[in-house]
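Summary of the model geometry
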Amino acid sequence: MKLPGQEGFNVDSTYESVPTGELDSGPGSGPSPGGSSDTESREVGIPKDPLLFIQLNELLGWPQALEWKETGRWVLFEEKLEVGGGRWSAPHVPTLALPSLQKLRSLLTEGLVLLDCPAQSLLELVEQVTRVESLSPELRGQLQSLLLQRPQHLIPTTGTRPCWGSAHPREASLEEEAPLKEQRQSALRQKLPAGAEAGAVLAGELGFLAQPVGVFVRLRDPVVLGPLTEVPLPSRFFCLLLGPPTLGRSYHEMGRAVAVLLSDPQFQWSVRRASNLHDLLAALDAFLEEVTVLPPGRWDPTARIPPPKCLPSQYKRLPLQTQEVKDPTAACGAPAEESRGHPAQALSTELQRTGRLFGGLVQDVHRKAPWYSSDFLDALHPQCFSAVLYIYLATITNAITFGGLLGEATEGAQGVLESFLGTAVAGAAFCLMAGQPLTILSSTGPVLVFERLLFSFSRGYSLDYLPFRLWVGIWVATFCLVLVATEASVLVRYFTRFTEEGFCALISLIFIYDALGKMLSLTRAYPIQWPSSPAYGCFCQYPNPGGNESQWTRTKPKDREDILSMDLGLVNASLLRPPECVRRGGHPRGPGCHTVPDIAFFSLILFLTSFLAAMALRHVKTSRFFPSVVRKVLSDFSSVLAILLGCGLDAFLGLATPKLTVPREFKPTLPGRDWLVSPFGTNPWWLSVAAALPALLLSILIFMDQQITAVILNRAEYRLRKGAGFHLDLFCVAVLMLLTSALGLPWYVSATVISLAHMDGLRRESRACAPGEPPSFQGIREQRLTGLVVFILTGISIFLAPVLKFIPMPVLYGIFLYMGVAAISSIQFTKRVQLLLMPAKHQPDLLLLRHVPLSRVHLFTAIQLACLGLLWIVKSTPAAIIFPIMLLGLVGVRKALEWVFSPQELLWLDELMPEKERSTPEKGQEPEYSFSGSDRKDSELMYQPKAPEINISVN
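Only a predicted model underlies this, so the values are computations on that prediction, with no experimental measurement involved. (Residues numbered from 1 in each chain as written. Predicted model: local features only at pLDDT ≥ 70, side-chain atom pairs only at ≥ 80, totals over all residues. Heavy atoms only, no water.)

**A closer look at the packing of aromatic side chains**
Short version of the rule: Between the rings of Phe, Tyr and Trp (Trp by its six-membered ring), a pair exists once the centres lie within 6.5 Å; its type follows the angle of the planes, with under 30 degrees stacked, over 60 edge-to-face, and the other angles tilted. Secondary structure elements are defined from DSSP: runs of H or I of at least 4 residues count as helices, runs of E of at least 2 residues count as strands, and each element is numbered from the N terminus. For every residue, the accessible area (1.4 Å probe, protein chains only) is compared with the maximum for its type, and the residue is labelled buried under 20%, exposed over 50%, or partly exposed between those bounds.
Under the definition given, this model contains 9 aromatic pairs. A centroid spacing of 6.0 Å and a plane angle of 35 degrees characterise the contact between Phe457 and Phe468, whose relative ring orientation is tilted. Within this pair, whereas Phe457 is found in helix α19 (residues 445–460), its partner Phe468 is found in helix α20 (residues 465–485), the two being separated by 11 residues in sequence. Taken together, a centroid distance of 5.4 Å and an interplanar angle of 80 degrees make the contact between Tyr513 and Trp872 edge-to-face. A residue pair is termed long-range when its members are at least 10 positions apart, and Tyr513 in helix α21 (residues 497–525) and Trp872 in helix α37 (residues 854–875) qualify at 359 residues. Owing to a relative accessible area of 53%, Tyr513 belongs among the exposed residues under this scheme. Overall, Trp872 belongs to the partly exposed group, its relative accessible area being 22%.

What follows is the structure in structure tokens.
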């Protein structure tokens, strides 16, 4: 990099002085000029520097007892020592006064600057920095003795009270060069990645100095300077700022200015490669050119600005000539949009035609084969255990719920046992063979709708359902194989966010609707008995008049007990409670005699408890309560803990709430049928050919359901390393369609909600992060074992009835509702729907609202709502047979929107659809690269490589 005014500065030669092992310190090791992520650093071709920890030691106590005391520290943000509270402040964005930066520049101009200093210890370094011409030998000796004093650190160690280091003046010995015990126990050290370095800033006032002393040192080889810093890291930078007493705290502010400069990634990158004082001052001037000034009297200087949720990219701060030289895409003749640090959206290799039959399938197999062994080894991590627990419970909940619904829709032709067996067999086989094993196969709402329609058609025309269904499955498998052979999966390029959000919202609403519907059905199975009902629908009948003698002698009731013992005049009965009735020799009669009126209400409490507990525990990870380890555990096991909480409440009260029903015998639900379905049964032979028509519609539905989920799971922001397998996944679904049809088991495709929850449970985040910096998303733990174990446990669950029978169904319905709500709340469509209900002054400052008129945003949202409503209406009516075509019609609606909205509006609201003539957006249309004027700074913050918003949580 060349800063303004630099001449003949060779970046490569100066970079060689940094040891390689310290630069390549692993993911997340620190900021780089190209950005804070490894991906961005590699994109711009700039070496990644180690993370830098900066500490400010201030000289206090003049003129009595002088001592060095740590008063501030920086990694990315500033932490101040709160002396009265004996603790560190919360990390915050530092603010500086312009005079402190100007005074610092003047002091460095007249002071001593040592670049690539060969000092190997604190003593050697002190000897180097005290070689200032303005110091007499006597002052030099006093200053050396002062610099060798051990500073006071506030080190909050784990499990102990804060520890203060001693401050007795003495010269450093060999023992003092080694880190102190409390330094090794520092909690901050655990947050810093391997290879991190330190920078020490010493500032203060000395009465025996006649003029200021300013020294800036960059060590050639980083070395641990004993107890100088609270964390025993090798130090790369050292800065000394001393001078005679002045009004105010000028040296303290200059020390903070140096620390803030060193914590700035761009300044740090420049100073690491500076060759002389001119380069150092040029880096400082470049920093001053980007400083934002807050007018006095318009803000509170004591207020602390919290760190932003997303750090802006540092790449655009590079000089233009450095961007052009360092960007590898520019050298390859890439378009201008690609040469600005963000590659233009190119077609994935998985979605390019080969022009050969089954060519895409062969490529998928070749792509995934080298990763097959690692797909099992990568699963050896504790995080996978949490994912298995949650996805297992979600899977059996889905299997039971959809199995029950399927049993109702087919009048017992299929049931819970077939749902369990099919889920286990199809899911395990898919995890072993599929191209994207993170996908979870399950019954889905759209397929269930088609099954219901198929059974109604069979019953209406007196057809044998299972044989007819077998031929439909055979034709669907055939059509899917034809789609695989012709590489039809490349058409998923036309599935933009508009189509994905419509489909995802529909599936989420089906989850929510089914959860609420099943919960309300409990109020019909366990009716609420109101006190106004006569005896809650229960009477006590006596065998003869002698058994109720008191009723025949009294004519007027004297109290409430007499009311309950009155003769009804028609039968020899009373309104006693069932236990009292039996005690007196009567017989309880009526529908309410054995009904517990509390079950319906308590089921509702369990339902809401599991839902709200899962939602609350999901957000614990980002709360301020508990240590980070505890927050992560509570968040990871949020659904499991919610289920255990519901089970505990149910067991404590001991009410007869409906429990999970698991089949106890391994045989088909329909009496008299074998596991293998007969090809014809009582159906005519020509029905095997006529089944091709409904199979064609089902093939469209299977293709849409499977591939939309695959597109969502394989998005670039999830940072999957092992590639996708669109053709291989569809091939596996086709084979499994044939198998499940022959066995009379439900049909299975990728389940969007559960698959996203599976990926969310396998998120990899950086463990070492600076104070105030959120953990950075590092990808997904890609493996096959979690899904395989989940489906094996699902098959075993048939034989775990003694354990699973204690789980209340309302608890599982609450988790079902949680999954649907979490899924629908994670899409942009939901946020735009919320804008419809907000006054303009209360709307969030979304970037798309700055570039697209609000009326156009509402129009786009209204079209999506209309499409979603139409899909729901079609799904719920007899016309649901055309439901697959309606799903496919979403792509056509999105194409027609190009006549209503401009390309620029569609870029902000959705995505551009690919065209045959070009595979990248036109120049100037991509919002990430077309910023100008004041929009540039606003847009930098919004369009960074972020972690995907998977808000469905095991997690």
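Structure shown, so let's carry the discussion forward.
**Quick notes on empty space enclosed by the protein**
Using the following cut-off: The method works on a 1 Å grid over the protein atoms by themselves. A cavity is a set of points holding a 1.4 Å probe that cannot get out, a pocket is an open set with protein on both sides within 12 Å along at least five of seven lines, and residues with an atom within 4 Å of a point line them. Grid points are joined across faces, edges and corners, and a volume is the space filled by probe spheres set on the points. For this classification, Asp, Glu, Lys and Arg are treated as charged, while Ala, Val, Leu, Ile, Met, Phe, Trp, Tyr, Cys and Pro are nonpolar and the rest, including Gly, are polar.
Taken as a whole, this structure holds 6 cavities of 30 Å³ or more when the rule is applied. If you go around the second largest cavity, the residues you meet are Phe402, Leu406, Ser443, Thr444, Val447, Leu448, Glu451, Pro746 and Trp747. Listed by contribution, the elements that provide at least two residues to the lining of the second largest cavity are α17 (382–409) and α19. Of all the elements, α19 adds the most residues to the lining of the second largest cavity, at 3 residues. Looking at the lining of the second largest cavity residue by residue, the classes come out as 6 nonpolar, 2 polar and 1 charged.

**Digging into the sheet that holds strand β4 (residues 87–88)**
We apply this condition: We treat two strands as partners when DSSP finds at least two bridges between them.
Reading across the sheet, the 8 strands line up as β4-β3-β2-β1-β8-β10-β9-β5 and stay open at both edges, with mixed pairing between neighbours. Of all the strands in the sheet, the pair left with one neighbour each is β4 and β5 (112–117). Sheet topology note: the strand β8 (residues 197–205)/strand β10 (residues 235–243) ladder contains 8 bridges and is parallel. Looking across to β10, one finds that Glu205 is bridged to Gly243.

**A short note on the environment of Leu417**
Note on placement: Leu417 falls in helix α18 (residues 416–433). Along the sequence, Leu417 and Gly795 sit 378 residues apart, while their C-alpha atoms lie 9.7 Å from each other.

**Considering a nonpolar patch on the surface**
The condition is simple: Patch membership requires more than 30% relative accessible area and the absence of a salt bridge. Residues of like charge join within 9 Å; the nonpolar side chains Val, Leu, Ile, Met, Phe, Trp and Tyr join within 5 Å. Each accessible area is a Shrake-Rupley estimate made with a 1.4 Å probe; only the visible protein chains count as cover when residues are assessed. Within this document, salt bridges are pairs made up of a side-chain nitrogen of Lys or Arg and a carboxyl oxygen of Asp or Glu, the two lying within 4 Å of each other.
There is a patch of nonpolar side chains on the surface, built from Phe680, Trp685, Trp686 and Val689 and spanning about 490 Å² of accessible area. Among the structural elements, Trp685 can be located in the loop between α27 (638–653) and α28 (687–690).

**Remarks on helix α5 (residues 122–129)**
Each α-helix winds once per 3.6 residues, and so residues spaced three or four apart point in a common direction. Formally: For this quantity, the arc is that covered by the directions from the helix axis to the C-beta atoms.
The complete set of buried residues in α5 reads Leu122, Leu125, Val126 and Val129. Each buried residue of α5 sits inside an arc of 100 degrees when the element is viewed along its axis, so together they form one side.

**Remarks on the nonpolar core**
Where we set the bar: The criterion is simple. A nonpolar core is a set of buried Ala, Val, Leu, Ile, Met, Phe, Trp, Tyr and Cys residues joined through side-chain atoms within 4.5 Å.
Ranked by size, the top nonpolar core spans 143 residues in total, and within it Val472, Ile702 and Met819 carry the most contacts. Sorting elements by how many residues they give to this core places α17 first, with 14 residues. Formed by 31 residues, the second largest nonpolar core is a distinct cluster that contains Leu59, Leu148, Leu240 and Leu242.

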